[in-house]
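# Descriptive structure summary
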Amino acid sequence: MKARLRPHTEAAETPTRRTVEFDHAFRARLRELLVWRRDVRRFRRDGLPNGALETLIDLACLAPSVGLSQPWRFVIVDDCARRAAIRENFATCNAQALAAQDSCRAGTYARLKLAGLEEAPAHFAVFADRSTTQGHGLGRRTMPEMIEYSAVTAVHTIWLAARAQGIGMGWVSILDPAAVAEILDVPAEWKFIGYFCLGYPQTDDTTPELERAGWEERRSAAIVIRR
Ligand SMILES: Cc1cc2nc3c(=O)[nH]c(=O)nc-3n(C[C@H](O)[C@H](O)[C@H](O)COP(=O)(O)O)c2cc1C
């Protein structure tokens, strides 16, 4: 008999068919969670409690996915040699990105801290398994990229779940996907989505670090809505 994967989260243990209402206080707290979630690159050195990452991955598995395919694959990176290879790849890619900046921006770019790979106590990578048969192809025929989009929903879920526990997460995309796949020795069908650093943040802030560093500013919703 096939074992059914059940996340061991509180949510999974709640009855599945009762009515749940979220009150005003909850909505206000949810808004705070969204406002205070940050991409974190400056971590304290202390480690996460045992099992914290696995609990967060359980929660991430509650994310939406095309056809209920759950194509996200989490690779926890504890091995020192692998971490060193990732850091080296980041350094190479970041140097190339700096070289590609125009002269007005290069100085600011050089001062940005774009990863917490040295300090973060926990590292993991996310891939999307394009070969999965889970979901029986529903929703993927005309838009196969829905598999990758689905994996991204799990990333955002884990980002919020971590923040709710006081844990910060940073997304590292300044990497060569082929090199990452080789370093982590994953199947060829797995598409690299991102590499993530996790740990307790040195500080909390409501303003993105890139905005504080003068790189870009967050715009209001008004400019992204079209009627
Ligand atoms: C797809 C994606 C890739 C990202 N890659 C990087 C990265 O390589 N390095 C980095 O410092 N931040 C990265 N970020 C974080 C963004 O810079 C950050 O989300 C943005 O500046 C807004 O800040 P906030 O997340 O704190 O609101 C990435 C975010 C996303 C969604």
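Shown above is the structure to which this text applies.
Summary of the structure given here. (Residues numbered from 1 in each chain as written. Predicted model: local features only at pLDDT ≥ 70, side-chain atom pairs only at ≥ 80, totals over all residues.)

### Describing the pairing of strand E3 (residues 168-172)
Burial analysis of E3 places four of its five residues in the buried class, the great majority of the element. Two elements, E3 and strand E4 (residues 190-199), share five bridges in a ladder whose sense is antiparallel. Note on E4: the bridge partner recorded for Gly170 is Cys197. (Buried ≥ 20, exposed ≤ 12 C-beta atoms within 10 Å, placed from the backbone. Helix = DSSP H or I, 4+ residues; strand = E, 2+ residues; numbered from the N terminus. Pairing = 2+ DSSP bridges.)

### Points about the packing of helix H4 (residues 80-99) against helix H7 (residues 177-184)
As a packed pair, H4 and H7 sit with axes 10 Å apart at the nearest point and diverge in direction by 170°. It follows that H4 is roughly antiparallel to H7 by the angle criterion. Where H4 approaches H7, its residues Arg82, Ala85, Ile86 and Asn89 are matched on the opposing element by Ala179, Val180, Ile183 and Leu184. Looking at the contact of H4 with H7 residue by residue, the classes come out as six nonpolar, one polar and one charged. (Axes fitted to C-alpha atoms, helices over the stretch in contact; angles between N-to-C directions. Parallel < 35°, antiparallel > 145°, perpendicular 65-115°, else oblique. Contact = placed C-beta atoms within 7 Å. Nonpolar A, V, L, I, M, F, W, Y, C, P; charged D, E, K, R; others polar.)

### Observations regarding the nonpolar core
Among the nonpolar cores identified, the biggest contains 44 residues, and Val126, Ile158, Met169, Cys197 and Leu198 are the most heavily contacted of them. Listed by contribution, the elements that provide at least two residues to this core are helix H3 (52-60), strand E1 (72-76), H4, strand E2 (122-129), helix H6 (146-164), E3, H7 and E4. Top element by residues in this core is H6. It accounts for eight residues. When near neighbours in sequence (up to four residues on either side) are disregarded, Cys197 contacts Phe43, Ala115, Gly116, Leu117, Ala120, His123, Met169, Gly170 and Val172. (Core = buried A, V, L, I, M, F, W, Y, C linked by C-beta atoms within 7 Å.)

### What about the sheet that holds E3?
One open sheet holds the four strands; their spatial order is E1-E2-E4-E3, and the pairing between them is antiparallel. The sheet is open, and its two borders are formed by E1 and E3, each paired with just one other strand. When strand polarity is set aside, the average angle formed by the axes of neighbouring strands in this sheet is 30°. Bridging between E2 and E4 involves eight bridges; their strand directions are antiparallel. Looking across to E4, one finds that Phe124 is bridged to Phe196. Where H7 meets the sheet, it contacts E1, E2 and E4, and its direction lies at approximately 75° from that of E4.

### Some remarks on the packing of H3 against H6
Where H3 contacts H6, the axes come no closer than 8 Å and their chain directions differ by 130°. Of the possible angle classes, the one that applies to H3 and H6 is oblique. Seen from above, H3 lies across H6 with right-handed handedness. Seen from H3, the contacting residues are Leu56, Ile57, Leu59 and Ala60; seen from H6, they are Ala154, Thr157, Ile158, Ala161 and Ala162. Residue classes in the contact of H3 with H6 are distributed as eight nonpolar, one polar and no charged. (Left-handed = near helix turned anticlockwise from the far one by under 90°.)

### Points about the site of the ligand
Contacts to the ligand come from Arg38, Asp39, Arg41, Leu114, Ala115, Trp171, Val172, Ser173, Ile174, Pro208 and Leu210. Its residues placed into classes, the shell around the ligand shows seven nonpolar, one polar and three charged. (Near = placed C-beta within 6 Å.)

### Thoughts on the environment of Ala178
Its place among the elements puts Ala178 in helix H7. Exposure remark for Ala178: the 9 C-beta atoms within 10 Å place this residue in the exposed category. Sequence separation of Ala178 and Lys191 is 13 residues, and the distance between their C-alpha atoms is 9.2 Å.

### Some remarks on unusual backbone geometry
The backbone of Leu68 shows a phi angle near 60°, a positive value even though the residue is not glycine. With respect to the helices and strands, the residue Leu68 is situated in the loop between H3 and E1. In this model, His136 sits at a positive phi of 50°, which is unusual for a non-glycine residue. Tracing the backbone shows His136 in the loop between E2 and H6. According to the C-beta neighbour criterion, His136 is exposed, with 10 such atoms within 10 Å.

### Side note on the environment of Tyr149
Residue placement: Tyr149 occurs in helix H6. The exposure class assigned to Tyr149 is partly exposed, which follows from the 16 C-beta atoms found within 10 Å.

### Notes on helix H2 (residues 24-36)
Given a rise of 1.5 Å per residue, 13 residues ought to cover 18 Å, and the 18 Å separating the end C-alpha atoms of H2 matches this to within 8%. With respect to burial, H2 is a largely exposed element, only zero of its 13 residues being buried. (Expected span 1.5 Å × (residues − 1).)

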